[in-house]
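Below, each chain spelled out in residue letters.
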Amino acid sequence: MSADVELSDVSVTFGSFYAAKNVNVKVNGGEFFSFLGPSGCGKTTLLRAISGFQEPSEGKVLIDNKDMSGIGPNKRPTALIFQNLALFPLMSVSENIAFSLEVRGVSKEERKKRADELLELIALEGQGDKKVHQLSGGQKQRVAIARALAVEPKVLLLDEPLSALDLKLRQRMRTELREIQKRVNITFIYITHDQGEALTMSDRIAVMNEGELEQIGKCDEVYNNPLTPFVATFVGENNPLYGKVTGIEGDKAKIETADGQYLATMNESKKLNIGDESIAFVRPESLFIPRDGDNFDNKINVNIESFEFEGNLKNFYASLKSGAKIKFSVPNAIDTSFITSGSSIVLGFESSKSVILPKASLAID
Amino acid sequence: MNNFLFTQPFFKKNGKAVAIYFLVAIIFWFVFLVIIPQFYMLDLSFRTNVPPLARGGPEDYYTFEHYSHFIFGSKTATDAFNFVDLGVFGRTIFVSMLVTIANLLFCYPIAFYIAKIANPSTARLLIVSLIIPFWINELLRSFALRILFANEGVINNFLTGVGLLDQGILFITYDIGLYTGLIYAYILLMMFPLYNAIESLDINQIEAAKDLGSSSFRTHWRIVIPHAKPGIVSGCTMVFMLTVGALATPVVLSSPNTLWFPQLIYQWFNMNDNWSRGSAYSIILLIVSVIFVLTMMRIFKVRIGEIIK
Ligand SMILES: Nc1ncnc2c1ncn2[C@@H]1O[C@H](COP(=O)(O)OP(=O)(O)OP(=O)(O)O)[C@@H](O)[C@H]1O
Ligand SMILES: [Mg+2]
């Protein structure tokens, strides 16, 4: 059983400070939904509002269309996995997992049976008698998930549960989480500041900045069509090209920058007018070194400054005439021996691969 | 030998001067303030009570008479057992246990509130206001309670004054004053270990339990109390030991016809000038309370090491 979760105009204030402001979002039942945002943007606060630890100062939390105001965390159909897991160190693994059943007065045999089932789900069969401290990081992670699932929640809330793990384990746990979600088929609301994590696991993501939602959408949608300069630079990498709009042709706008004119695609909901201060964005992987016969909408002269080898990609850092910096990536398979530090080359990019947005602050400022 | 000693990690870490200071101080404390007096008392308790001049003479020999006096009374007594002293002793142990429990019940909610609910500035204020009354010494605090509880004391005067009662309550006669005084006397020794233990519990543990559907009673029972067990045990042990051995509070607050065991000991030492018997009684009190505490720890499955954590 899964449930819809709806936040309707939710604000949470601490004194006069808005930790979350007018948040409107509807998470569908059975969906893997992520809130993505930098540290301190109010993600945990939102999650606490959903789980019932924090009453919103304004607005409502609805679960399956039922208003949750005044309903405590122990009465909501949600289960929360804490940033630090909060497993009970003095209990065995099985006792941890079956704690919610113990609370409900389920008999000992029944509890053991259920704990064993869940241990199997998380691939820890036969390890129920261990103490929590005897488990590895990834195993603890899975026990926390099992403990939350034992409640048979309709919604599982996860607060950056992978942040304490090392990279390899984190990547493996992403897949595992996704698989567990498919198996139990309940709504997952996931919080993270790691855009890679959000993009790989989620059906949809909401990007948050300073307590407000900047954009909600499918992962590729958000990546390809960011609605704000913040989203453009927080989700994936992006090179900003600052300038003024000098012409409009259909859904394309021409931007005049200190280094030349470029054509970029406008977002339907962010129409621009001639003379508007704006930023065109182009991603490092959308910048190409033109070969014979290539004909790009935009050309850009750059001066190579440095180079970085990432494995599958080679990253180049270059500067424009105005001093603006730009980064572009080339697949390792492509020969780039002719590009050396100090050399000047021309790069090309398609207007369809570049978005232009009204000027606003970036994530990396 | 010297070399061996100075290469120990303790010496390396603290430097020679500091390490030697610690070693000497600890040995001094242990030998002169613990071992020697206790052994002296132990020895004394097995000897006849003779004036100092007769020491070493024929009158001075080893005997169990002081211990047997505690149990069977004087040789001339008609009763089979020394009901008076045994009664005082039993009551002292029993009441001390109740005082300890009362202390625990009283302190736990407050310690929890200060550690986990109050915001930091309220918590600081509460801690300070708990400490300040204890700047006044125990004897004065006991007298203050006596002023409150006396038959013509503040409480009775108030209650009869406003017409709630016709006659004052005999707080002192019924030892209500004594029990209050004993609970109050060592309350900080319960409060602080409890507070420290609860304070170190991750608030997420409490929230996680709640999120999993636990009532707040069950959260305390399954999460907070097990976590705070070392603090509870060390608080209870200290309060129990000190209450059993309390002298000032009972002297000031107990009713004229009841005695606290340390008062009995005091009488043997001072009024009856029988140090041997006083020593025997002290040793009995010490051993029985230690056994009592160890038994309790056994029952509640706590190991000694946990207390120190
Ligand atoms: N109880 C509180 N009292 C006052 N301010 C708070 C409280 N809880 C959170 N805040 C503030 O609200 C803002 C959002 O906090 P929140 O914990 O939701 O951030 P977050 O997005 O989860 O960050 P992180 O990724 O670092 O966990 C922060 O600026 C924080 O200081
Ligand atoms: Mg957080």
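Quantities reported herein were computed from a predicted structural model and do not represent experimental measurements.

Caption draft 1: Representation of the sheet that holds strand β2 (residues 17-27) of chain A in the model. All names here are of chain A. Overall, antiparallel pairing links the four strands, which are arranged β2-β1-β4-β5 in an open sheet. Each having just a single partner strand, β2 and β5 (66-67) make up the two edges of the open sheet. Relative to β5, strand β4 (residues 58-63) is paired through two bridges, and the arrangement is antiparallel. The residue bridging L62 from the neighbouring strand is D67, located in β5.

Caption draft 2: Representation of unusual backbone geometry within the structure. In this model, L85(A) sits at a positive phi of 70°, which is unusual for a non-glycine residue. Of note, L85(A) is situated in the loop between β6 (78-81) and α2 (93-97). One non-glycine residue with positive phi stands out, namely D175(B), at about 65°. The residue D175(B) is located in the loop between α8 (154-161) and α9 (176-185) in this model.

Caption draft 3: Region of interest: the site of ligand 1. All names here are of chain A. The environment of ligand 1 is made up of F14, F17, A19, S39, G40, C41, G42, K43, T44, T45, Q83 and E160. Between C41 and ligand 1, the recorded distance is 3.2 Å, taken from a backbone N or O atom to an oxygen atom. One of the side-chain nitrogen or oxygen atoms of K43 is found 2.8 Å away from an oxygen atom of ligand 1. Taken by itself ligand 1 offers 630 Å² of open surface, and the protein chains cover 59% of this. Listing elements by their share of the shell around ligand 1, those giving two or more residues are β2 and α1 (43-51). Broken down by element, the shell around ligand 1 gets its largest block of residues, three residues, from α1. Class assignment for the residues of the shell around ligand 1 results in four nonpolar, six polar and two charged.

Caption draft 4: Representation of the nonpolar core within the structure. Of all hydrophobic cores here, the largest spans 114 residues; its most connected members are L7(A), F35(A), I97(A), L156(A) and I189(A). It is helix α5 (residues 83-117) of chain B that provides the largest number of residues to this core, a total of nine residues. Contacts of F35(A), omitting those with residues within four sequence positions, involve L7(A), V25(A), K43(A), L46(A), I189(A), Y190(A), I191(A), T192(A), A206(A), M208(A) and L213(A). Counting 25 residues, the second largest nonpolar core, distinct from the first, contains L241(A), V245(A), F316(A) and A318(A).

Caption draft 5: Structural detail: the packing of α5(B) against helix α14 (residues 261-271) of chain B. Residues and elements named next belong to chain B. Where α5 contacts α14, the two axes come as close as 8 Å, and the packing angle between them is 135°. As judged from the angle between their axes, α5 and α14 are oblique. Contacts between α5 and α14 involve D85, V88, F89 and T92 from the former and F261, P262 and L264 from the latter. Looking at the contact of α5 with α14 residue by residue, the classes come out as five nonpolar, one polar and one charged.

Caption draft 6: Here's a closer look at the packing of aromatic side chains. Throughout the structure, instances matching the rule amount to 28 aromatic pairs over all chains. Seen in terms of ring centroids, F316(A) and F328(A) are 5.1 Å apart; in terms of plane orientation they differ by 15°. Their pairing is stacked. One end of the pair, F316(A), is in strand β16 (residues 313-319); the other, F328(A), is in strand β17 (residues 325-331), and 12 residues separate them in sequence. On the basis of an interplanar angle of 65° and a centroid distance of 6.2 Å, the ring pair of F81(B) and F83(B) is categorised as edge-to-face. In textbook terms, an aromatic cluster arises when at least three aromatic residues are bridged by ring pairs, as seen for F70(B), F89(B), F261(B), W268(B) and Y281(B). When the ring centre of F88(A) is taken as origin, the NZ or CZ atom of R147(A), which lies over that ring, is 4.5 Å away. The ring of Y184(B) has R141(B) lying over it, and the distance from NZ or CZ to the ring centre is 5.7 Å.

Rules behind the numbers
Residues numbered from 1 in each chain as written. Chains lettered and ligands numbered in written order. Predicted model: local features only at pLDDT ≥ 70, side-chain atom pairs only at ≥ 80, totals over all residues. Heavy atoms only, no water. Pairing = 2+ DSSP bridges. Helix = DSSP H or I, 4+ residues; strand = E, 2+ residues; numbered from the N terminus. Near = heavy atom within 4 Å. Polar contact = N/O pair within 3.5 Å; in protein donor to acceptor, adjacent residues only side chain to side chain. Areas by Shrake-Rupley, 256 points an atom, 1.4 Å probe, with all protein chains shown as cover. Nonpolar A, V, L, I, M, F, W, Y, C, P; charged D, E, K, R; others polar. Core = buried A, V, L, I, M, F, W, Y, C linked by side-chain atoms within 4.5 Å. Buried < 20%, exposed > 50% of the residue type's maximum accessible area, 1.4 Å probe, protein only. Contact = heavy atoms within 4.5 Å. Axes fitted to C-alpha atoms, helices over the stretch in contact; angles between N-to-C directions. Parallel < 35°, antiparallel > 145°, perpendicular 65-115°, else oblique. Phe/Tyr/Trp six-rings, centres within 6.5 Å; stacked < 30°, edge-to-face > 60°. Lys NZ or Arg CZ within 6 Å of the ring centre and 35° of its normal.

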